[in-house]
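# Structure assessment
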Amino acid sequence: MNPKIAIIARVGAHKAFEAKGLKPGKTEVFSTPYGDSRPIHFFRHNGLEFALLSRHGEAGYDLSAPFLNPKANLYALKSLGIDKILAWVAPGSLREEMAPGDLVVPHDVLDEGRGGPQTFFTGVGWGFIRHNPLFCPEMRAGLLEALQNVPFKVHPQGVYVATTGPRLETAAEIKKFRLLGGDLVGQTLVPEVFLARELELCYVGLTYVVNYAEGLLHRPYQPGVLFEGLATPEEVAQVAAVETAFPEIILKALPALAAAPRACPCPRLLERYRLRGDIGEDWRTWVR
Ligand code: HPA
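First, a word on what this report is: a plain description of the structure on this page.

### Focus on the overall build of the protein
In terms of helices and strands, the protein carries 8 helices and 15 strands. By the compact-globule yardstick of 19 Å for 288 residues, the protein fits well, its C-alpha radius of gyration being 18 Å. With respect to the principal axes defined by its C-alpha atoms, the protein has extents near 55 × 45 × 35 Å. By the burial criterion, 55% of the 288 residues in the protein qualify as buried. Taking the contacts inside the protein whose residues are at least 6 apart along the sequence as the reference set, 80% of them involve residues at least 24 apart. The distance from the centre of the 31 positive side-chain charges to the centre of the 31 negative ones in the protein is 4 Å.

### Focus: the site of the ligand
Taken together, Ala90, Pro91, Gly92, Leu168, Glu169, Val185, Gly186, Gln187, Val210 and Asn211 make up the full set of residues near the ligand. At a separation of 2.7 Å, a nitrogen atom of the ligand approaches a polar side-chain atom of Glu169. Residue Asn211 places a side-chain N or O atom 2.6 Å away from a nitrogen atom belonging to the ligand. Considering the ligand on its own, with 260 Å² of exposed area, one finds that the protein chains cover 91% of that surface. The class makeup of the residues in the shell around the ligand is 5 nonpolar, 4 polar and 1 charged.

### Concerning the sheet that holds strand 13 (residues 184–186)
Pairing between the strands of a sheet is mediated by backbone hydrogen bonds and can be parallel or antiparallel. One open sheet holds the 5 strands; their spatial order is 10-12-13-8-15, and the pairing between them is mixed. Every other strand in the sheet has two partners, leaving strand 10 (108–111) and strand 15 (211–212) as the edge strands with one partner each. The pairing of strand 12 (residues 159–162) with strand 13 spans 3 bridges and is parallel. Bridge assignment links Tyr160 to a residue of strand 13, and that residue is Leu184.

### A word on unusual backbone geometry
Most peptide bonds take the trans form, and the phi angle of most residues other than glycine is negative. Between Asn132 and the following residue, Pro133, the backbone shows a cis peptide bond with an omega angle of 5 degrees. Turning to its location among the elements, Pro133 is positioned in the loop between strand 10 and helix 3 (137–146). Geometrically, the link from Val190 to Pro191 is a cis peptide bond, its omega value of 10 degrees lying close to zero. Relative to the helices and strands, Pro191 is located in helix 5 (residues 189–198). Phi is positive for Glu200, close to 55 degrees, though the residue is something other than glycine. Structurally, the position occupied by Glu200 is in the loop between helix 5 and strand 14 (202–208).

### Remarks on the environment of Leu147
The topology assignment puts Leu147 in the loop between helix 3 and strand 11 (154–155). The class for Leu147 is buried, based on a relative accessible area of 2%. Through-space distance from the C-alpha of Leu147 to that of Tyr34 is 35 Å; in sequence the pair is 113 residues apart. Ignoring anything within four residues of it in the chain, the contact list for Leu147 reads Leu103, Val105, Val154, Leu206 and Ile249.

### Section: the nonpolar core
By size, the foremost hydrophobic cluster in this structure holds 47 residues, and its most contacted members are Ile40, Leu74, Leu77, Ile85 and Val287. Elements with a minimum of two residues in this core: strand 1 (5–11), strand 5 (40–45), strand 6 (48–57), helix 2 (70–79), strand 7 (84–89), strand 12 and helix 5. In contact with Leu77, other than residues within four places in its own chain, are Ala6, Ile8, Ile40, Ala51, Leu53, Ile82 and Ile85. By size, the runner-up hydrophobic cluster in this structure holds 37 residues, among which are Ala13, Val150, Val210 and Cys266.

### Considerations on the packing of helix 2 against helix 5
Two measures define how a pair of helices packs: the angle their axes make with one another and the distance between the axes. Between helix 2 and helix 5, the least distance of the axes is 10 Å, while the angle of their chain directions is 35 degrees. For the pair helix 2 and helix 5, the sense of crossing is right-handed. Where helix 2 approaches helix 5, its residues Pro70, Lys71 and Leu74 are matched on the opposing element by Pro191, Glu192, Leu195 and Ala196.

Cut-off values and rules
- Residues numbered from 1 in each chain as written.
- Predicted model: local features only at pLDDT ≥ 70, side-chain atom pairs only at ≥ 80, totals over all residues.
- Heavy atoms only, no water.
- Helix = DSSP H or I, 4+ residues; strand = E, 2+ residues; numbered from the N terminus.
- Rg over C-alpha atoms; globule rule 2.2 N^0.38 Å.
- Buried < 20%, exposed > 50% of the residue type's maximum accessible area, 1.4 Å probe, protein only.
- Contact = heavy atoms within 4.5 Å.
- Lys, Arg positive; Asp, Glu negative; His and termini not counted.
- Charge placed at Lys NZ, Arg CZ, Asp CG, Glu CD.
- Near = heavy atom within 4 Å.
- Polar contact = N/O pair within 3.5 Å; in protein donor to acceptor, adjacent residues only side chain to side chain.
- Areas by Shrake-Rupley, 256 points an atom, 1.4 Å probe, with all protein chains shown as cover.
- Nonpolar A, V, L, I, M, F, W, Y, C, P; charged D, E, K, R; others polar.
- Pairing = 2+ DSSP bridges.
- Core = buried A, V, L, I, M, F, W, Y, C linked by side-chain atoms within 4.5 Å.
- Axes fitted to C-alpha atoms, helices over the stretch in contact; angles between N-to-C directions.
- Left-handed = near helix turned anticlockwise from the far one by under 90°.

This is the structure in structure tokens:
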């Protein structure tokens, strides 16, 4: 199989597709200079091949966001010939109008994380890459069109505030992020999107809200329940509905995403360094 598009999802995503009757052609773990990738599942649906991996675990939530290995996953996907990535992400909401269970296609990111440098280009002179538009404009357009008839509210824009985690934010931090213009808060889209750009991959995020962020609404602390009471049982049910629809949403969007011609800036994000002779045609020689 020779997929050109990959879905990076959350937990056990291959099982959701299997439950819809799709069977992976194969599943493989790739060893990379950054360690092993997550298992990559190869599917075919209506003549379209796609790769699928789950960031946090195959069966359960085994690894929290700061301990993921996006470099290994992206290196493995690029090695396979993947050139487009759809990232399925579950952030909190900073806005009352973006409710749990809603879909949001973010258009920008505020990196409020506390990590060190997150780059493939350690100790070299390239990597000063423009980050606007941050997400692949062709994939965003295709995705928004495909989402027109889904039975969920779709927000076509949103600023995703990236935090390091694994802890959730304080109420004061959320207040600050709202003042800064953030709409969502989460821990996974960064550094993944930045690293994908360093490999000249087309990358788009599709997020679904899982909770209102801390302090936005009155939510008494409840030990022992999901998010300690940050989400109500009704909201948890709304989120479960969109999670159940995940494979249908993805299969609906895939044809439009696969058809995007890549006339976007993404395949030439490092063109300046190529022209300058800093980097050669083989991307494996760019990365450190
Ligand atoms: N904050 C940070 N990350 C998250 C949240 C949140 O409220 N919800 C889901 N991921």
